[in-house]
Amino acid sequence: MIQEVMRQLPTASAQQAIGYPSLFALVALGSLIPVVPTGALVSSAAVVAFHGPSPLALLWVFAVASAAAFLGDVCLYWLGERGVDSEHGSRWLKAITDRAAPDKLEQARKKLDEHGVAVLVLSRLIPAGRIPVMLACLLGRMPLARFVRGDVPACLAWAATYQLIGILGGSLFPEPWQGVVAAVGIALLISGVPALWRRVRDRFPG
C-alpha cells in the first residue's frame, strides 16, 4: 500500500502544479469577465480534491478560489471606477452596466443604502447578484478600500459555498468524474434558474 501511495505522489504533485494555477486563472478571469461558470469550476475542483490523496487539497482549492475571485472583483471594480471618473466612461463600465438589469440595480441601491457593504456578501451568493451590487457601489462612488473590506468575506463565503457543493457531489459517488458531473450540474442549475425565471416572467407577464 505504501508503494502504491508513493507511485501516486508524483502524479498528484504534477496535477496540483497544473490544476491550482489553472483554477486561479479561470476564476479570476470569470470574475473579471462574467461569462465563465466560476462556481462550477470551484465545485469540480473540490470533487477532485475530495477524492485526492492529500487532506490539504480542499484547503488549497478554497484558498485559490477565494483569492482568485477577490482579485477579479477588485480589478473589475478598479476598471469600473476609472469609467465613472471619466467624462466619456469606459468599455468596462459599459460592460458592467449592460449586465445589470434596471430593476436589479434599483434593488441593489436600496439594499446598499440599508445595509452597506454587508450586501456584497449576499450578492456573491445570489446568482446574477454580484454585478448589480457592484454597479450600485460604483455609481454611489464607494471608495475602492471600502469595497475591498466588503468583498473579502463575500469571496470567502462564495468559495466555501461552491466547495461544499463539490464535496457533496464527491461524497455521493465513488468515482470522481461522477461527482464532477453532479457538482457541475448543481452549480449550473443554481446559476441558471434566476435567468430562466426572468425569461419566463418577461414572456408571460402577470
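Because the structure is predicted, anything quoted here is derived from the model rather than measured.

Trainee: Looking at this model, I keep getting lost on the overall build of the protein chain. Mind explaining?
Mentor: Scanning the protein chain from terminus to terminus reveals 9 helices and 0 strands. Counting from the amino terminus, helix and strand elements in the protein chain follow one another as α-α-α-α-α-α-α-α-α. The burial tally for the protein chain puts 35% of its 206 residues in the buried class.

Trainee: What is the right way to look at the packing of helix H3 (residues 57–85) against helix H7 (residues 130–139) in this model?
Mentor: Any two packed helices are characterised by how steeply their axes cross, that is the angle between the axes, and by the distance between the axes. One can describe the packing of H3 onto H7 by two numbers: an axis separation of 10 Å at closest approach and a directional angle of 45°. In terms of axis orientation, H3 runs oblique to H7. The handedness of the crossing between H3 and H7 is right-handed. Residues Asp 73, Leu 76, Tyr 77, Gly 80, Glu 81 and Val 84 of H3 lie in contact with H7, whose contacting residues are Arg 130, Ile 131, Met 134, Cys 137 and Leu 138. The class makeup of the residues in the contact of H3 with H7 is 7 nonpolar, 1 polar and 3 charged.

Trainee: Explain the packing of aromatic side chains to me, please; I cannot follow it from the model alone.
Mentor: In this description, an aromatic ring pair is defined by two values, namely the gap between the centres and the angle between the planes. Counted under the stated rule, the structure contains 3 aromatic pairs. The positively charged end of Arg 124 is found above the aromatic ring belonging to Trp 158, 4.8 Å away from the centroid.

Trainee: Would you mind showing me how to read the pattern of salt bridges here?
Mentor: Pairing between side chains of opposite charge can happen when their charged atoms approach one another. Evaluated as defined, the whole model comprises 3 salt bridges. Among the salt bridges present, the one from Asp 73 reaches Arg 124, with a minimum N-O distance of 2.9 Å. Here Arg 124 lies in helix H6 (residues 118–125) and Asp 73 lies in helix H3, a separation of 51 residues in the sequence. The two residues Asp 73 and Arg 124 agree in class, both being buried.

Trainee: What am I meant to see in the packing of helix H2 (residues 38–51) against H3 here?
Mentor: Two elements in contact, H2 and H3, have axes separated by 8 Å at closest approach and are oriented at 160°. Here H3 runs roughly antiparallel to H2, going by the angle between their axes. The hand of the H2/H3 crossing is right-handed. The residues of H3 that touch H2, namely those facing Val 42, Ala 45, Ala 46, Ala 49 and Phe 50, are Ala 57, Leu 58, Val 61 and Ala 65. Residues of the contact of H2 with H3, tallied by class, amount to 9 nonpolar, no polar and no charged.

Reading the values: rules and limits
- Residues numbered from 1 in each chain as written.
- Predicted model: local features only at pLDDT ≥ 70, side-chain atom pairs only at ≥ 80, totals over all residues.
- Heavy atoms only, no water.
- Helix = DSSP H or I, 4+ residues; strand = E, 2+ residues; numbered from the N terminus.
- Buried < 20%, exposed > 50% of the residue type's maximum accessible area, 1.4 Å probe, protein only.
- Axes fitted to C-alpha atoms, helices over the stretch in contact; angles between N-to-C directions.
- Parallel < 35°, antiparallel > 145°, perpendicular 65-115°, else oblique.
- Left-handed = near helix turned anticlockwise from the far one by under 90°.
- Contact = heavy atoms within 4.5 Å.
- Nonpolar A, V, L, I, M, F, W, Y, C, P; charged D, E, K, R; others polar.
- Phe/Tyr/Trp six-rings, centres within 6.5 Å; stacked < 30°, edge-to-face > 60°.
- Lys NZ or Arg CZ within 6 Å of the ring centre and 35° of its normal.
- Salt bridge = Lys/Arg side-chain N within 4 Å of Asp/Glu carboxyl O.

Remember that the coordinates give geometry; whether it matters functionally is a separate question.
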